[in-house]
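# Understanding the architecture of this molecule
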Amino acid sequence: MKGFPNHFLWGGATSAMQIEGAYDVDGKGITTCDCKTAGSFSQRRQITYVDKDGNPGAISSSLGRALPEGAKQAVLDGYFYPSHNAIDFYHHYKEDIALMAEMGFKMFRLSIAWSRIYPIGIEDEPNQKGINFYKEVFKELHKYHIEPLVTIAHGDLPLYLENHYGGWANRELIDIFMKLAKTCFTEFKGLVKYWLPFNEMNDYLLMLDMFGNVSTKESHQESFQVIHNMLVANARCVKLAHEIDPENKVGSMICGIPNYPGSCDPEDILETRYRWEKGIYYTGDVQCFGRYPSFSKRLWDEYDVKMDTREQDFLDFENGTVDFYTFSYYMTNIVTTHEVKDMVQGNFANGARNPYLEYSEWGWSYDPKGLRYYLEVIYDRYHLPIIITENGLGAVDKVEEDGSIHDDYRIKYLQDHLHECKVAIDHGVDLIGYTMWGCIDLVSASTGQMSKRYGFIYVDIDDEGKGTGKRLKKDSFEWYKKVIATNGEEL
Ligand code: BG6
């Protein structure tokens, strides 16, 4: 076996809304994420709001459950919002980065909290304190020769842009976002060279299948428009990043969930192909090929979508194709047109249960070979260098009396998945990096829990935000250190 290439970018990944905390410190504005309560496996997170008459309320965060007419998202008394303090990376970043360095990280993926830089989004001048914070973080990373991989938008939006502009469905967001992107490329020039403008924009299409029963014509229209606007911004980011610093490299970031047919019924085969097209290729093709794929027309017809576009958008696509492809990988799904008796439940996991696979406590399938499958299919399609920017196991960890944490299940998960990466590399895939998701415990995006832990580093905070915040090394910490030291020879 060839094994991992020299200079492989080993590391870990996070997002601002899930680690930073300090939600109203040093001029940071409130975001949509700050209005999301905690949930659990069985209970969705809620979005809190104030209606047009000033009455408080809360609705499930699932797509299609729009706020009442005239209501505005808001932070309310009496609710617990896990992102407000998260793991307080804002005040612990030196300690946390030192631990990552101890493992030998070569890359650390983090995101910019938009409202730390532009608190409501539309200011003319950025908040200097926000810029300073990220500069210090990037400098701290470079002190240990860790390359930052920066997502500009990962799941949070200044609340003002949601409440007054309707979020990304509004084309005006493109220019507003480009101001943020330009500030980042200019201010962090020389400190950051790997950029991901958006996290998982394909989620908007994946969700159409997940919440089919509550999706409406308006939500279809909105999902496609949101993606179009993000794709235009993404393409403009590629061009601008290259202009500001030719060293910059800009990548896609796709939620990579391979679909398997439930049977060899040709209907299932076709349906599976269409699911790949809608969920995976639609956004990836525009980012990598610079144009909408031929099957887009079928999708727009199927959902009866009429998008608001400009001629310039399509030129932007052509002039702004990405330098590398990245994706998250957690599970595979089954697609079938037949009646399903045994359904899977869990966010992003839907449809039939695969009898050949096991499932996590949160309903996600355990499928290392699915990662190889995805890598090989995607590399064959785009021929671009690939970084796996998210992969990992969310599990409940137990702290022993002596402070040790024996997470052999996580080590096994990562061993199995990295083994399949090795096979894919051997088969010719140009995989250049792997940033394990949630390298330090963080707030789960789907459930808002801390107890769905991914990290090599344990953080003593519970689902109600209580705890010392102390950082502890799990067994997987030493294991990953050895993996990096041997460049993946020893898994
Ligand atoms: C990805 C998101 O889809 O899944 C992350 O980019 C998220 O933000 C990750 O945390 C894992 O999901 P969860 O729900 O376990 O946090």
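Residues numbered from 1 in each chain as written. Predicted model: local features only at pLDDT ≥ 70, side-chain atom pairs only at ≥ 80, totals over all residues. Heavy atoms only, no water.

## Things to note about the side chain of Glu200
With respect to the secondary-structure elements, Glu200 resides in the loop between strand 7 (194-198) and helix 7 (203-210). Despite its burial, Glu200 pairs with no opposite charge; the closest candidate is Arg109, at 6.7 Å N-O. Apart from residues no more than four positions distant in its own chain, Glu200 is found in contact with Met253, Ile254, Cys255, Ser328 and Glu390. (Helix = DSSP H or I, 4+ residues; strand = E, 2+ residues; numbered from the N terminus. Buried < 20%, exposed > 50% of the residue type's maximum accessible area, 1.4 Å probe, protein only. Lys, Arg positive; Asp, Glu negative; His and termini not counted. Salt bridge = Lys/Arg side-chain N within 4 Å of Asp/Glu carboxyl O. Contact = heavy atoms within 4.5 Å.)

## Digging into the packing of helix 6 (residues 172-187) against helix 8 (residues 217-244)
Orientation of helix 6 relative to helix 8, taken along the N-to-C sense of each, is 25 degrees, at an axis distance of 10 Å. When the axis of helix 6 is compared with that of helix 8, the two are roughly parallel. Helix 8 is crossed by helix 6, and the crossing has right-handed handedness. Listed contacts from helix 8 to Ile174, Asp175, Phe177, Met178, Ala181, Lys182, Phe185 and Thr186 of helix 6 are Asn229, Val232, Ala233, Arg236, Cys237, Leu240, Ala241 and Ile244. Of the residues belonging to the contact of helix 6 with helix 8, the class tally is 11 nonpolar, 2 polar and 3 charged. (Axes fitted to C-alpha atoms, helices over the stretch in contact; angles between N-to-C directions. Parallel < 35°, antiparallel > 145°, perpendicular 65-115°, else oblique. Left-handed = near helix turned anticlockwise from the far one by under 90°. Nonpolar A, V, L, I, M, F, W, Y, C, P; charged D, E, K, R; others polar.)

## Digging into the site of the ligand
Taken together, 14 residues lie near the ligand, and Glu200, Ala445, Ser446, Lys452 and Tyr454 sit nearest. At 2.9 Å, a side-chain N or O of Asn199 approaches an oxygen atom of the ligand. Interatomic distance of 2.7 Å between a backbone N/O atom of Ala445 and an oxygen atom of the ligand. For the ligand, the protein covers 95% of the area, taking 380 Å² as the surface of the free molecule. A class-by-class count of the residues in the shell around the ligand yields 5 nonpolar, 6 polar and 3 charged. (Near = heavy atom within 4 Å. Polar contact = N/O pair within 3.5 Å; in protein donor to acceptor, adjacent residues only side chain to side chain. Areas by Shrake-Rupley, 256 points an atom, 1.4 Å probe, with all protein chains shown as cover.)

All we've got here are geometric facts, nothing functional implied.
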